[in-house]
Amino acid sequence: MAILDIARMGHPILKGRSHEVTNFDDPELHTFIDDMKETMVHAGGVGLAAPQVYVPLRIVIFFVPEGRDGGAAVPMTVMINPVIKPVSDAMAEDWEGCLSVPYLTGVVPRWTQIKYSYQDVDGSLRERSAEGFHARVVQHETDHLDGVLYPMRMIDIATLSFTDAQADDEEEDLEDGESDDETLEHEAETDVPERDAAEPAL
Ligand SMILES: [Zn+2]
């Protein structure tokens, strides 16, 4: 087991299309997946895609913590060669972070309900339905396999924020006795949930 280096936005490995996995008997594949798990846990993330650790293969790991969106937990899942289909056109906006885009967070639209298929570590085909945060994580991670980072999906780039900036703003508001940021007020009028500074990265 080893903790791997995580590529950051701007590195070419994050921009290309990763390759399908075809040999599920390769012991190196299983060692690598174990290293991905250890790396994700070490980084405090809930999802990690192989190109984020400089390996251009279509491999993703993720889990959904219990109580997220009021939904059930999804245990640690290894998805190989994943394919996503939206169930409807419905989309929702919410905050996302990314281990390859450290210290930042932004509002990203995603399909709210999807079906997805993938191969597990043995190469067996699996199918699942997902909604809410579960669906969001799967879309975020699968995007990594096609060279797409969440800022490229953002509609309102003005929401791109440092994760620790909001707490500072609130302190200033208390001192000034007034709000100094109209965009924050506009945000509150939309359906975008309030940002949680402890949001895990993907
Ligand atoms: Zn990410």
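Everything below is about the structure printed above this text.
None of the values given here were measured: they were computed from a predicted structure. Throughout this description, residue numbers start from 1 for each chain and increase along the sequence as written. The predicted nature of this model means local features are confined to residues of pLDDT at least 70 and side-chain atom pairs, given and counted, to a pLDDT of 80 or more, with totals for whole chains, interfaces and linings taken over all residues.

J.: Can you break down the overall build of the chain residue by residue, with the values?
T.: When helices and strands are counted, the chain shows four helices and eight strands. A helix here means a DSSP run of H or I that spans at least four residues, while a strand means a run of E at least two residues long, and both kinds are numbered starting from the N terminus. In sequence order, the secondary structure elements of the chain are arranged as α-β-β-β-β-β-β-β-α-β-α-α. Burial is judged by counting other C-beta atoms within 10 Å of a residue's own C-beta: 20 or more means buried, 12 or fewer means exposed, and anything between counts as partly exposed, with every C-beta placed from the backbone. Counting all 202 residues of the chain, 30% fall into the buried class. Nonlocal contacts in the chain, meaning residues at least 24 apart in sequence, comprise 69% of its contacts between residues at least 6 apart. A pair of residues counts as a contact when their C-beta atoms, built from backbone coordinates, are within 7 Å of each other.

J.: Go over the sheet that holds strand 8 (residues 161-162) with me, naming the residues and quoting the values.
T.: In this analysis, strands are considered paired if DSSP registers two or more bridges between them. The three strands are arranged 4-5-8 in an open sheet whose pairing can be described as antiparallel. The strands lining the two open edges of the sheet, one partner per strand, are strand 4 (91-98) and strand 8. Of the strand pairs in this sheet, strand 5 (residues 101-111) and strand 8 are connected by two bridges, and their pairing is antiparallel. Within the sheet, the bridge partner assigned to Leu104 lies in strand 8 and is Phe162. Every angle, taken between N-to-C directions, lies between 0 and 180 degrees, and every axis is a line fitted to C-alpha atoms, over only the stretch in contact when it is a helix. Strands in contact with helix 2 (residues 132-144) are strand 4 and strand 5; relative to strand 5, the strand with the most contacts, it is inclined by about 115°.

J.: Which residues make up the nonpolar core, and what are the values?
T.: Residues enter a nonpolar core if they are buried, belong to Ala, Val, Leu, Ile, Met, Phe, Trp, Tyr or Cys, and are joined to the set through C-beta atoms within 7 Å. One finds Val60 and Cys98 to be the most contacted residues of the largest nonpolar core, which totals 35 residues. Considering each element in turn, this core owes the most residues, six residues, to strand 2 (residues 59-64). Contact partners of Val60, with chain neighbours within four places excluded, come to Gly47, Ala49, Met79, Pro82, Glu141, Thr142 and Leu145.

J.: Hey, could you go over the pairing of strand 5 for me, with residue numbers and the actual values?
T.: One face of the sheet, then the other: side chains in a regular strand alternate in exactly this way. The pairing of strand 4 with strand 5 spans seven bridges and is antiparallel. Residue Met91 lies in a different strand from strand 5, and its bridge partner there is Trp111.

J.: Give a description of the environment of Leu29 that names residues and reports values.
T.: Structurally, Leu29 can be placed in helix 1 (residues 27-43). Residues Leu29 and Ile59, spaced 30 residues apart in sequence, show a C-alpha to C-alpha distance of 9.8 Å. Sequence-distant contacts of Leu29, defined by excluding residues within four places in its chain, comprise Val21 and Phe24.

J.: Tell me about the environment of Ala165, residues and numbers included.
T.: Position of Ala165 among the secondary structure elements: in helix 3 (residues 165-176). The spacing of Ala165 and Leu104 is 61 residues in sequence and 9.4 Å in space, taken between C-alpha atoms.

J.: Would you mind going over unusual backbone geometry in detail, with residue names and values included?
T.: Trans peptide bonds make up most of the peptide bonds, and negative phi angles are found at most residues other than glycine. The phi torsion at Tyr54 lies on the positive side, around 70°, for a residue other than glycine. Tracing the backbone shows Tyr54 in the loop between strand 1 (47-49) and strand 2.

J.: Any details on the environment of Pro65? Residues and values, ideally.
T.: Relative to the elements of secondary structure, Pro65 occurs in the loop between strand 2 and strand 3 (74-86). With ten residues separating them in the primary sequence, Pro65 and Pro75 have C-alpha atoms 8.0 Å apart. If we skip the residues at most four places from it in the chain, Pro65 touches Val46 and Ala73.

J.: Run through helix 2, naming residues and quoting values.
T.: When the terminal C-alpha atoms of helix 2 are compared, their 19 Å separation across 13 residues agrees well with the 18 Å that a helix rising 1.5 Å per residue should span. Burial within helix 2 is extensive, with eleven of its 13 residues counted as buried. Those residues of helix 2 that sit buried are His134, Ala135, Arg136, Val137, Val138, Gln139, His140, Glu141, Thr142, Asp143 and His144. Given a helix with a known number of residues, its expected span is that number minus one, times 1.5 Å.

J.: Account for the pairing of strand 7 (residues 125-131), naming residues and giving values.
T.: Bridging between strand 6 (residues 113-119) and strand 7 involves seven bridges; their strand directions are antiparallel. Paired with Tyr118 across the strands is Arg126, a residue of strand 7. Linkage of strand 6 to strand 7, two consecutive antiparallel strands, is achieved through a turn of five residues, within which Gly123 is found at a positive phi near 95°.

J.: Any details on the sheet that holds strand 2? Residues and values, ideally.
T.: The five strands are arranged 1-2-3-6-7 in an open sheet whose pairing can be described as antiparallel. The open sheet is flanked by strand 1 and strand 7, the only strands paired with a single partner. Going from strand to strand, the sheet's axes swing by 40° on average, the running direction of each strand aside. Relative to strand 2, strand 1 runs antiparallel, the two sharing three bridges. In the sheet register, Gly47 faces strand 2, and the bridge partner there is Phe62. Against the sheet, helix 1 touches strand 1, strand 2 and strand 3, its axis set at about 40° to strand 2. Sheet contacts for helix 2: strand 1, strand 2, strand 3, strand 6 and strand 7; angle to strand 2, the most-contacted strand, approximately 160°.

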